[in-house]
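Each chain, letter by letter, is given below.
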Amino acid sequence: QYSPDSIAGADGEIDPTEITFPGCSCRSSSCTDPGCPCLRRGQNYSSLCLRLAEQQQQHFSRPVFECNSLCRCGEGCQNRLVQRGLQLRLQVFRTHRKGWGVRALEPVPKGRFVCEYAGEVLGFAEAQRRIQAQTAQEPNYIIAVREHLHDGRVMETFVDPTHVGNVGRFLNHSCEPNLLMVPVRVDSMVPKLALFAAVDISAGEELTYDYSGRFHNSPGASREHKPLEEENSLRKPCYCGSRTCASFLPWDSSLFSTP
């Protein structure tokens, strides 16, 4: 089932559509920093693009909060980008060895929002149950995103587009990707998993991101580890073809381990 936005999973533990953030009282058609409380919470955009250079210069990335449905600013506010959904022309196509893939049908400048990775938002228990119920031959679409906060806490988000999702489910992994995933918050602390262009992308180029989360992140932010020899039977080979290819798709042992 196609859905442009994430929905609550079958476990009903998390509702990504719930509105818990207060809106700003900005009367202008487009909010400006530092007058807008939404922009003061974190990073903002510039000319419809994420300021990637600022993210890379800091030890910690600033979070991204968009104006929400309770804000008084107009729909044309520059701080409403990911919530507008897909704006680019993309094409799902059959690749040579990687199954389905996605390519851009127009040039995409660095920092431009491409699409959301949408699906069912699950709690850890249900995500783990679904992962362990899969056979080695089945594709795994469940993504685990962990945000490391400055005080040492870790926020986890699990999204499964296996049965309900959007074009993001067809994006392939690459060890040298051209997309970057950034959690963007609009109405609540449940983030939208937004994919932005990490470099300038040409028309016809396949769109990829790093499933492990290593790309553009601090070393050690990923829970991926060097798997045991017996675990390699569960891993899927990587066919990205990059110079630094790791041979296997990223591996997160936490969803496979038993209590």
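A brief look at the structure comes next. (Residues numbered from 1 in each chain as written. Predicted model: local features only at pLDDT ≥ 70, side-chain atom pairs only at ≥ 80, totals over all residues. Heavy atoms only, no water.)

1. Description of the sheet that holds strand 10 (residues 154-160)
- Strand order in this open sheet of four strands is 1-8-10-9, and the pairing throughout is mixed. The sheet is open, and its two edges are formed by strand 1 (7-8) and strand 9 (143-148), each paired on a single side.
- As paired elements, strand 9 and strand 10 share six bridges and run antiparallel to each other. Pairing of His-148 across the sheet is with Val-154, part of strand 10.
- The sheet contacts of helix 3 (residues 124-133) involve strand 8 (120-122) and strand 10, and relative to strand 8 the element is tilted by about 110°. (Pairing = 2+ DSSP bridges. Helix = DSSP H or I, 4+ residues; strand = E, 2+ residues; numbered from the N terminus. Contact = heavy atoms within 4.5 Å. Axes fitted to C-alpha atoms, helices over the stretch in contact; angles between N-to-C directions.)

2. A look at the sheet that holds strand 12 (residues 179-185)
- Taken together, the four strands give an open sheet; going across it, the order is 4-12-13-7, and neighbouring strands pair in mixed fashion. Of all strands in the sheet, those with a lone pairing partner are strand 4 (64-65) and strand 7 (113-116), marking the two edges.
- Sheet analysis places strand 7 next to strand 13 (residues 192-197), joined by three bridges and oriented antiparallel. Bridging across to strand 13, Cys-115 finds its partner in Leu-195.

3. What about helix 3?
- Of all the residues in helix 3, the buried ones are Glu-126, Ala-127, Gln-128, Arg-130 and Ile-131.
- Where the residues of helix 3 are buried, they touch strand 8 and strand 10. (Buried < 20%, exposed > 50% of the residue type's maximum accessible area, 1.4 Å probe, protein only.)

4. A short note on the pairing of strand 6 (residues 100-104)
- Where strand 5 (residues 90-94) and strand 6 come together, five bridges link them in antiparallel fashion. The partner of Val-92 across the bridge, within strand 6, is Val-102.

5. Thoughts on the pattern of salt bridges
- Under the definition given, this model contains eleven salt bridges.
- Here Arg-130 makes a salt bridge to Glu-126, at a shortest N to O gap of 2.8 Å. Here Glu-126 and Arg-130 lie together in helix 3, a separation of four residues that amounts to about one turn. Per residue, the accessibility class of Arg-130 equals that of Glu-126, and both read buried.
- For the salt bridge of Glu-147 with Arg-185, the shortest nitrogen-to-oxygen distance reads 2.7 Å. Remark: Arg-185 occurs in strand 12 and Glu-147 occurs in strand 9; sequence separation between them is 38 residues. Summarising the burial analysis for this pair, Glu-147 and Arg-185 share the class buried.
- Members of the salt-bridge network, linked through shared partners, are Glu-120, Glu-126, Arg-129, Arg-130 and Asp-160. (Salt bridge = Lys/Arg side-chain N within 4 Å of Asp/Glu carboxyl O.)

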